[in-house]
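Here's the letter readout for the chains.
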Amino acid sequence: MDQLFNFRMETKALFISLFLCIVFNLTVAAEWSNFDDISVAYEKGLITRTEMLYEKSVILFTPIEISDKAAAISSDNYLKSATGLIGEIKNNWDKFTPDQKASLSTMLARPGKQCTYDSPLGYFKIYYDTSGGEATVTDDLDANEIPDFVERTGIYADSSYVTYVNNSGYYPAPLEAGYDKYEIFLVSIMAYGATVFEQPADSPWNDYTSYVMINRNFTFAPPNDDPEGRVIGAQKVTCAHEYFHAVQFGYANDLDNNLWWMEACATFMEECLFPEVNDNYAYLPFFFNVPEESLNSSVYLHMYGAFVWPMFLKEKINSLVIRDVWMAMRNNTPLDAVDSALIGTGKTLKTILPEFVIWNYFTGSRYVEDNYYSEAINYPEVPIDRYHTTLVHDSILPVQQPFGLASSYVEFEVGPDDKGIFEAILEGRPVVRWGIGTIFMSGDANEISHYTASANEPLYVYKPHIEDFDKVIITPITVTSLSSGNYYYLTTKLHPYGDANNDGQMNVGDAIYLINFIFKDGLPPMPIMECGDANCDGGVNVGDAVRIISAIFKGGEEPCSERIP
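Residues numbered from 1 in each chain as written. Predicted model: local features only at pLDDT ≥ 70, side-chain atom pairs only at ≥ 80, totals over all residues. Heavy atoms only, no water.

Participant: So what exactly am I meant to see when it comes to the nonpolar core here?
Facilitator: Among soluble globular proteins, nonpolar side chains are generally buried collectively. Judged by nonpolar contacts, the single largest core of 127 residues is most densely connected at Leu 60, Tyr 164, Met 213, Trp 261, Trp 309 and Trp 326. Looking at this core, the element that brings in the most residues is helix H8 (residues 255–273), giving 11 residues. Residue contacts for Met 213: discarding those within four places in its chain leaves Phe 61, Ile 86, Pro 111, Phe 185, Val 187, Ile 189, Gly 193, Ala 194 and Val 196. Within the second largest apolar cluster, 21 residues are counted, among which are Ile 396, Ala 424, Ile 466 and Phe 469. (Core = buried A, V, L, I, M, F, W, Y, C linked by side-chain atoms within 4.5 Å. Buried < 20%, exposed > 50% of the residue type's maximum accessible area, 1.4 Å probe, protein only. Helix = DSSP H or I, 4+ residues; strand = E, 2+ residues; numbered from the N terminus. Contact = heavy atoms within 4.5 Å.)

Participant: Looking at this structure, how should I read helix H5 (residues 98–108)?
Facilitator: Note: α-helices contain 3.6 residues per turn, so residues at a spacing of three or four share the same orientation. Of all the positions in H5, only Gln 100, Leu 104, Met 107 and Leu 108 are classed as buried. Projection of H5 onto a plane perpendicular to its axis shows the buried side chains occupying an angular sector of 80°, all on one side. Seen from the buried face of H5, the exposed residues on the opposite side, beyond 90 degrees, are Pro 98, Asp 99 and Thr 106. (Arc of directions from axis to C-beta.)

Participant: In this structure, what is going on with the packing of aromatic side chains? I would like to understand it.
Facilitator: Between two aromatic rings, the relevant description is the distance of the centres plus the angle of the planes. Per the stated rule, a full pass over the model turns up 49 aromatic pairs. For the pair Trp 434 and Tyr 488, a centre-to-centre distance of 5.8 Å together with 75° between the ring planes defines the contact as edge-to-face. Of this pair, Trp 434 sits in strand E11 (residues 434–442) while Tyr 488 sits in strand E15 (residues 488–495); the two residues are 54 residues apart in sequence, bridging distant segments of the chain. For the pair Trp 434 and Tyr 488, a shared accessibility class is recorded, and that class is buried. Over the ring of Tyr 192 we find Lys 80, and its NZ or CZ is 4.6 Å from the ring centre. Its end group placed over the ring of Trp 205, Arg 330 keeps NZ or CZ at 4.9 Å from the ring centre. (Phe/Tyr/Trp six-rings, centres within 6.5 Å; stacked < 30°, edge-to-face > 60°. Lys NZ or Arg CZ within 6 Å of the ring centre and 35° of its normal.)

Participant: Explain the sheet that holds strand E14 (residues 471–478) to me, please; I cannot follow it from the model alone.
Facilitator: To summarise the sheet geometry, strands pair through backbone hydrogen bonds and adopt either a parallel or an antiparallel arrangement. Here we have 5 strands laid out as an open sheet, ordered E7-E9-E14-E11-E12, and mixed in their pairing. Edge positions in the sheet fall to strand E7 (386–388) and strand E12 (445–452), since each of these pairs with one other strand and no more. Taken pair by pair, the neighbouring strands of this sheet meet at an average axis angle of 10°, ignoring direction. Summarising the sheet, E11 and E14 pair through 8 bridges and their orientation is antiparallel. Paired with Phe 440 across the strands is Val 472, a residue of E14. Its contacts with the sheet place helix H14 (residues 349–359) against E11, E12 and E14, and it is angled at close to 150° to E12. (Pairing = 2+ DSSP bridges. Axes fitted to C-alpha atoms, helices over the stretch in contact; angles between N-to-C directions.)

Participant: Quick question: what am I supposed to make of the sheet that holds strand E5 (residues 191–200) here?
Facilitator: Read from one edge of the open sheet, 6 strands run E1-E5-E6-E4-E3-E2, paired in mixed fashion. Sheet topology places strand E1 (79–81) and strand E2 (115–118) at the edges, where each strand pairs with a single neighbour. For this sheet, the mean inter-axis angle between neighbouring strands, taken without regard to orientation, is 30°. Here 4 bridges tie E2 to strand E3 (residues 124–128), and the two strands are oriented antiparallel to one another. Considered in E3, the bridge of Tyr 117 is made with Ile 126.

Participant: Looking at this structure, I do not really get the pairing of E5. What am I missing?
Facilitator: Across a regular strand the side chains alternate sides, sitting on one face of the sheet and then on the other. Buried residues dominate E5, accounting for 7 of its 10 residues. The pairing of E1 with E5 spans 2 bridges and is parallel. The residue bridging Ser 81 from the neighbouring strand is Gly 193, located in E5. In this structure, E5 lies alongside strand E6 (residues 208–215), joined through 6 bridges in antiparallel fashion. When the bridges of E6 are listed, Phe 197 appears paired with Ser 210.

Shown next as structure tokens:
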């Protein structure tokens, strides 16, 4: 009887599960009106990768008409840049069905347009419509029969060329044979814009020709800070963004490895050309809110928020370091290219990454004037993975394990009774190379340090006179790119002043230990010399042994009760 009951219940559960699955499939299919729904369907195994790419392209090239009053729509309804999507379609062309190929061929063909316009400096030819379904905004305040939207596109594109090529020394985007101007098409797409690579160019490295598509009216554009309005702001940053993609294709066409860096750099260039717009601020939470996510993650919006990485390199090293990385990328991946670009600075990716993680702490209300990012006050604050009101802990584990090239932030309060030498020990997953950053805070003053392990070994941090500080922030960092499961153990200790032999307490044995060290070539105080400085005069000598003996046997003051200047 029980077996029959169990069989019936299991059968009922199976039918319910199948029913819910069918309902979910129908719901997802019915709601494929935005990019995120398609991504969710793919992640749940409901569609193949090629089906996902195809469905996204349908939305991209069949945009929703949006009124100005409803402009600030959710980011899942439009793409910042469709360069990666179109590139992935082209790179996987043989996997599509004949019907999909036929449809995609129409969508991806170079748009035919009614009119052309040469940019003021002659670097670009802009194609546009004045009537029909893809007509651009037709306002013409100067009555010269060229829409103002088109003229502005030429001005912003020329500014991009001058900044990148003339002023910074980048290669110009390669041109198709027989063309003397780079081509921009104003089109109706559900994206700010896109750069479409076409044919191998004539350099010995993997460079490609391309053309740019830019949204014809930006009615969907969310708010930005441009004083001329959100549409003009979106137009500015898209010209800067997409033409830099065209420049990037002049160095390397490797979207599988380069897309995160391409998008981070193109978004960074928006800030360089048009700092008044701040469209890029919208993507910062997708980076700062997940410090455990890999720096080189290709998660969609994370890539754009990662513009702070090239911003850090620029503000820390110099304004041309990003160009040097791209020069090195002709024959390297982005991470290797960073090492190449840093030759001569005394730094590498592994040694500079912990400093980047510390910069990312000092944002928002943690902003420190004239330090770190110049606009850090406008950036989000990274979340603290672990917060402790006490200072001494054994083997703290992360809540969110950091992926490769990522970090955690662990914060400690220094209590009123805490004093001595603070020690932190970081032991991480052995197949990963680790770094550590530390911030010791006292009011508005901070002491910063950062280290990288020379091999797969524990990292130790020491700070004498921990009582001088109010707060400690420790940042375990994975400085290699192994993806996930990067656990660590963080242990924090306090060594009493005068504990020269490192047994956890100050007693007569420490005085004997110090006498042996001073007069008999014995071992130095452990784990660091300051542990033997019982009178805190900055040195280790016989006075420290006397201070210990006095405290133990003569009722003298405890070690370092007053700091000797």
